[in-house]
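Coordinates in review
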Amino acid sequence: MQSIRFRLAVYYALALSATMVAFGAAVYWERTATAPREAELRLDAALTSESDLAVRVLAQQARLLRHGPHAPPGVTKPDSERILLDEVVPYFDPVADYVFLARPSGEILYLSPSAKSLPDTTVAAVLALMLRRPPPFGADTLTAGSNDSPLRYNLARVDSVPGVAAVLIAARLQVDTSAVREILLSMLMMAPLILVASASLGYWLAGRSLRPVEVMIEELDAIQDGTTLNRRLAVPPGADELSRLAERLNNMLSRVERSFVALRRFTADASHELKTPLMVLRAGVERSLTHPETPGEIIPALDETLRQINQMSDLVTNLLTLARADEGRASLALTDTDLRTLVADAAETAEILGEERQVAIRIELPLDPVMLAVDPGRIRQLLMNLVTNAVKYTTPGGTITVRLVDGAERVTLAVQDTGIGIAPGDLPNVFERFWRADIARTRTGEHPGTGLGLAIAKWIVEAHGGTIAAQSRPGRGSIFTATLPKDGLALAP
């Protein structure tokens, strides 16, 4: 399952991708929309500069023509215009833009080579523009025809040069979008690197932000049962959502702890108070069964009553044991014990219980002693709970195997039967208190019991530092395996 940290990093990368796409589209649209106007402004500046230069060249050559050391005496007006034109042509012919010089009468005085290549319609439009009265001095766009691209021109007045009224310099307006394409190409090339770096940074930031949650999960995992309900979560500094979550969880744990303590105290008190009345009832029923004047017709009823009292006594004893274990008052009396003796005693008891049900008992023990520091009474109770349970659920003709395996680091106690087995859906619940399979939910059914035997077995194994597990297949039997570490507990000095 994907973690919140991973999903946050993915969402951050997706959001950044969408932002980059939107930003790129906005930049492309803005640059595309403003590129013609910017190109127009740049061209106007260039045309204005060229027009000013042309006016200065004309004025300078006119002064030289009138006052220079080589000024020809008695030159007529047409000759002066021709001489002026001959002088300025070397300046204007190399110009790439279109250059037009007009006389005051409106006639064209000069066309640059590039201007002569223009279509006749365009030249006529330029002439009409220059003949307009008053002339539209300044920069503007000229459109000659539908098939001809527009020209951007600058028309400048020439006042100081006789025979020249105006100069017009024009050029094609060209919009260069290469810069926009280069920007988009750069963004596309950098996008993967930015996304990878941003996703990595987002993953790292999400991890730092969610670290308090990981700590909460680890602390909650440590609270496994009623003995650890007194633990509380560390509240992160600040007043953010994680701090409030930790406070709410601590409040919930406090309420659960109070309820659990109250229930545990009630169970222990009730179990303790019930033991004395049950002992009195058992003594009275046993006395009645052995009294010679007891009528024979009530003997069966007394037998059933005694059986129910014994079951109730077992239930109260088991409840009291678990209640003391929950409170930490069920201590272990450790002593070095040969586990082979305990296993053999349990197998002998199983043989007695299995005779009536025609169940065979097999025992597998190591040849050498298996010494371990354990509580013999509790281990005997563990084995009895397991073998009694196996006998109860093994069909006639079946076999129960009690096995002791001495390993290098641990000792294994196993009880295997060929009984009815446990359904896969029920297997995780077999060690829960009062849980019993549907086939025997009541204490008066075919397999009577209290539903606490395996819970007590689990506590005994865990109290010795070990683990217990169950494996089963319906119709194939079950195997309960308790593993005790050799270095789990040590004798008190």
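Rules behind the numbers
Residues numbered from 1 in each chain as written. Predicted model: local features only at pLDDT ≥ 70, side-chain atom pairs only at ≥ 80, totals over all residues. Heavy atoms only, no water. Helix = DSSP H or I, 4+ residues; strand = E, 2+ residues; numbered from the N terminus. Buried < 20%, exposed > 50% of the residue type's maximum accessible area, 1.4 Å probe, protein only. Phe/Tyr/Trp six-rings, centres within 6.5 Å; stacked < 30°, edge-to-face > 60°. Patch = residues over 30% accessible without salt bridge, like charges linked within 9 Å, V, L, I, M, F, W, Y side chains within 5 Å. Areas by Shrake-Rupley, 256 points an atom, 1.4 Å probe, with all protein chains shown as cover. Salt bridge = Lys/Arg side-chain N within 4 Å of Asp/Glu carboxyl O. Lys, Arg positive; Asp, Glu negative; His and termini not counted. Charge placed at Lys NZ, Arg CZ, Asp CG, Glu CD. Pairing = 2+ DSSP bridges. Axes fitted to C-alpha atoms, helices over the stretch in contact; angles between N-to-C directions. Contact = heavy atoms within 4.5 Å.

This paragraph deals with unusual backbone geometry. Even without being glycine, Gln 358 reaches a positive phi, approximately 55°. Along the chain, the position of Gln 358 falls in the loop between helix 8 (339-357) and strand 7 (360-364). Look at Gln 358 and you get exposed, because its relative accessible area is 58%.

On to the packing of aromatic side chains. Throughout the structure, instances matching the rule amount to two aromatic pairs. Geometrically, the ring pair formed by Phe 92 and Tyr 110 is tilted, given 5.9 Å between the ring centres and 45° between the ring planes. On the criterion of sequence distance, the pair formed by Phe 92 in helix 2 (residues 77-92) and Tyr 110 in strand 2 (residues 108-111) is long-range, its members being 18 residues apart. The exposure class of Phe 92 is buried, given its relative accessible area of 4%. Between the aromatic rings of Phe 431 and Phe 480, the centroid separation amounts to 6.1 Å while the plane-to-plane angle is 85°, which identifies the pairing as edge-to-face.

A cluster of acidic residues, Asp 345, Glu 348, Glu 351 and Glu 355, forms a negative patch at the surface. Mapped onto the elements, Asp 345 comes out in helix 8. We classify Asp 345 as partly exposed; its relative accessible area is 30%.

Taken together, the side chains of Ile 4, Phe 6, Leu 8, Val 10, Tyr 11, Leu 14 and Tyr 203 present a nonpolar region at the surface, about 650 Å² in accessible area. A per-element tally of the nonpolar patch places helix 1 (residues 4-67) first, with six residues. Tracing the chain through its elements places Leu 14 in helix 1.

Attention shifts here to the sheet that holds strand 2. Taking strand neighbours across the sheet as the criterion, the five strands line up as 2-1-5-4-3 in an open arrangement whose pairing is antiparallel. The open sheet has two edge strands, strand 2 and strand 3 (138-142), and neither has a second partner. On average, each strand axis in the sheet is inclined to that of its neighbour by 20°, with strand direction left out of account. In the sheet, strand 3 pairs with strand 4 (residues 151-157) via five bridges, with the strands oriented antiparallel. Bridging across to strand 4, Thr 141 finds its partner in Arg 152.

Across the sheet, five strands lie side by side as 7-9-10-12-11; this open sheet has mixed pairing. For this open sheet the edge positions go to strand 7 and strand 11 (467-473), each flanked by a neighbour on one side alone. Looking at each pair of strands side by side, their axes are set apart by 10° on average, direction ignored. Summarising the sheet, strand 11 and strand 12 (residues 477-485) pair through seven bridges and their orientation is antiparallel. For Ile 468, the partnering residue across the bridge sits in strand 12 and is Ala 482. Contacts from helix 9 (residues 376-392) reach strand 9 (399-406), strand 10 (410-417), strand 11 and strand 12, with the element oriented near 25° to strand 10.

Taken as a whole and judged by the stated rule, the model has 11 salt bridges. A salt bridge links Arg 152 to Asp 44; the shortest N-O distance between them is 2.7 Å. With Arg 152 in strand 4 and Asp 44 in helix 1, this pair connects stretches of sequence that are 108 residues apart. Neither residue differs from the other here; Arg 152 and Asp 44 are each classed as buried. Between Glu 462 and Lys 458 there is a salt bridge, with its nearest N and O atoms 2.7 Å apart. With Glu 462 and Lys 458 both in helix 10 (residues 453-463), this residue pair falls four residues apart, about one helical turn. A single salt-bridge network, built from bridges that share partners, covers Arg 37, Glu 40, Asp 44 and Arg 152.

Let's shift gears to the pairing of strand 11. Where burial is concerned, the two faces of strand 11 differ: the one with Ile 468, Ala 470 and Ser 472 is buried and the one with Thr 467, Ala 469, Gln 471 and Arg 473 is not. Hairpin geometry of strand 11 and strand 12 is characterised by an intervening segment of three residues between the two adjacent antiparallel strands and by a positive phi of about 80° at Gly 475.

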